[in-house]
Amino acid sequence: TLHKKNILKKMLEIIEPKYLNLLRLLGIYGAELNFPVYVVGGFVRDLLLGKKNYDIDIVIEGDGLKYAKYVSKYLRTTFVEHKEFHTGSLFFKDGFRIDIATARVEYYEKPADLPKVEISTIKKDLYRRDFSINAMAIKLNPEEFGVLFDFFGCQNDLENGIIRILYNLSFIEDPTRILRAIRFERRFNFKIEERTLELMKEAINNNYIEKVTGMRLREELEKILSEKNVIDSIIEMGELSIFDHLFWHSKYKKEKVERFKKILKFKKWFENKCNIKNKKIKDFHIFLYSYLACENGEAAIYATERYGLPKKFINNLNRLNIIIEKFKTLPFKWKNSDFYNILGDIDDELKIVISGFLTSKEMEEKYIKYLKAISNLELKITGKDIIKKGISGKKVGEILEYIKIKKLDGEIQDEKEFLERLVISNE
Ligand code: ATP
């Protein structure tokens, strides 16, 4: 049954005038074309939760593409059409975007029931959505501007903090919803409703995750990794055996979570202190390195192919495994040069992941010291200076490397002078 409720007051309270006026315009354009216009999904959910969210998803009962072109003309946006889906996106000059979709008009036998026709299409569109909390719409046409449409008891679920699918086949039809359920549950500290959880487990255990393309799974995983409560989500995914379905040939273990937690903490430190070039560090990569380290080669190959990882990924993973082995077996005093000799010139992502595999507190402290030293290291001589001394060939690089190591360990203050002495003693 449809619950309608005017929530204009709430909109005035939460939405900034600029956007509220934009929504009004979108409704007016709909009226001019005689199409009902709704804003739907996450925007509505967040508004009711009292949160700002300017991801505007519009659904039109009628010809969405015609509407989008019409709007685009007046708002002078760039219109990108996705014909096969009857959707399109409008891009403003500053990058702000509005997505527009079509709820296809359906014709009923009794044409006298016009209002029902109208309602049933937006209803169908909402029914196809992932969870009840995401399945509400607000009408934007002037005569009903700010009226909330709730067909499925969505407000109740939102108030009670419940993640609920709208029909039994939901997870089977789109198994990415399994990951989305966890993401929303953790983000809002909600609970997955009992029956929903049961069906979710069934879909997981019947290998429905495997039916989704790697690309789509990767997108959802990346979203989970970018949320605040990522560790809780990972634990839950592990307990539901989701990882065993995402990453074949490897096994979920609780200690993997502990390790990743440590690594994330370290990442924060690293980005502040060592990431001088401000390179973007991908959490997805960090997670995979950390999760697949010490697993066999098959696990790495599976993940690489399924999730479209660069070739570099397997090489780095192999390198990481070798480094971890060396950490275990060699009795080091842990001078900076010991780290340097084992690690060599590795990616920032690996530098971060390694923090999860250090075997003692002392080693952690020494590793931090090493990273500081290496990221601040600036040699005051180059190969040219060495060549000037009459040295050539392979020797140049070797000497440079030798000086670098000495400098790292604090055994050289003035490398120019050190080079002089080195050359003299060689002669
Ligand atoms: P976020 O706040 O993370 O952006 P969102 O709810 O806006 O969350 P989107 O992925 O942007 O999430 O999706 C927008 C809307 O589209 C959702 O609110 C939901 O109604 C619908 N939706 C998205 N993905 C699915 C899906 N896999 N199955 C069904 N409906 C979906």
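Residues numbered from 1 in each chain as written. Predicted model: local features only at pLDDT ≥ 70, side-chain atom pairs only at ≥ 80, totals over all residues. Heavy atoms only, no water.

Chemist: Explain the overall build of the protein to me, please; I cannot follow it from the model alone.
Modeler: Helix and strand counts for the protein stand at 22 helices and 10 strands. In terms of overall dimensions, the protein is more spread out than a globule: its C-alpha atoms have a radius of gyration of 29 Å, far above the 22 Å expected for 427 residues. For the protein, the spread of C-alpha atoms along the three principal axes comes to 105 × 50 × 35 Å. For the protein, buried positions account for 52% of its 427 residues. Only carbon and sulfur atoms are counted for the fraction: they give 51% of the accessible area of the protein, which is about 22600 Å². (Helix = DSSP H or I, 4+ residues; strand = E, 2+ residues; numbered from the N terminus. Rg over C-alpha atoms; globule rule 2.2 N^0.38 Å. Buried < 20%, exposed > 50% of the residue type's maximum accessible area, 1.4 Å probe, protein only. Areas by Shrake-Rupley, 256 points an atom, 1.4 Å probe, with all protein chains shown as cover.)

Chemist: Looking at this structure, I do not really get the site of the ligand. What am I missing?
Modeler: With respect to spatial proximity, 18 residues lie near the ligand, and among them Arg 45, Asp 174, Arg 177, Arg 183 and Arg 187 are the closest. Isolated, the ligand exposes 590 Å² of accessible area, and the fraction of that covered by the protein chains is 78%. Of all the secondary-structure elements, those providing two or more residues to the shell around the ligand are helix 3 (42–48), helix 8 (176–188) and helix 10 (214–225). A total of six residues in the shell around the ligand trace back to one element, the largest contributor, which is helix 8. A class-by-class count of the residues in the shell around the ligand yields one nonpolar, four polar and 13 charged. (Near = heavy atom within 4 Å. Nonpolar A, V, L, I, M, F, W, Y, C, P; charged D, E, K, R; others polar.)

Chemist: Just checking my understanding: could you explain the confidence of the model for the protein for this structure?
Modeler: Close inspection of predicted coordinates is inappropriate in any region flagged by low pLDDT. Looking at the protein, the pLDDT average stands at 90 and 94% of residues meet or exceed 70. Of the two predicted TM-score estimates for the complex, the pTM is 0.88 and the ipTM is 0.95. (pLDDT = per-residue confidence, 0-100.)

Chemist: Could you clarify how one ought to interpret the sheet that holds strand 2 (residues 37–40) in this entry?
Modeler: Hydrogen bonds between backbone groups are what pair the strands of a sheet, and the pairing can be parallel or antiparallel. Reading across the sheet, the eight strands line up as 1-8-7-2-3-6-5-4 and stay open at both edges, with mixed pairing between neighbours. Each edge of the open sheet is held by one strand with a lone partner, namely strand 1 (3–6) and strand 4 (78–82). Shown here is a sheet whose adjacent strand axes are inclined to one another by a mean of 25 degrees, direction ignored. Relative to strand 6 (residues 97–103), strand 5 (residues 87–91) runs antiparallel, the two sharing five bridges. Bridging across to strand 6, Thr 87 finds its partner in Ala 101. (Pairing = 2+ DSSP bridges. Axes fitted to C-alpha atoms, helices over the stretch in contact; angles between N-to-C directions.)

Chemist: Is there a simple way to think about the environment of Thr 102 in this case?
Modeler: With respect to the helices and strands, the residue Thr 102 is situated in strand 6. Beyond its immediate sequence surroundings of up to four residues, Thr 102 is in contact with Ile 60, Gly 62, Asp 63, Gly 64, Leu 65, His 86 and Asp 125. (Contact = heavy atoms within 4.5 Å.)

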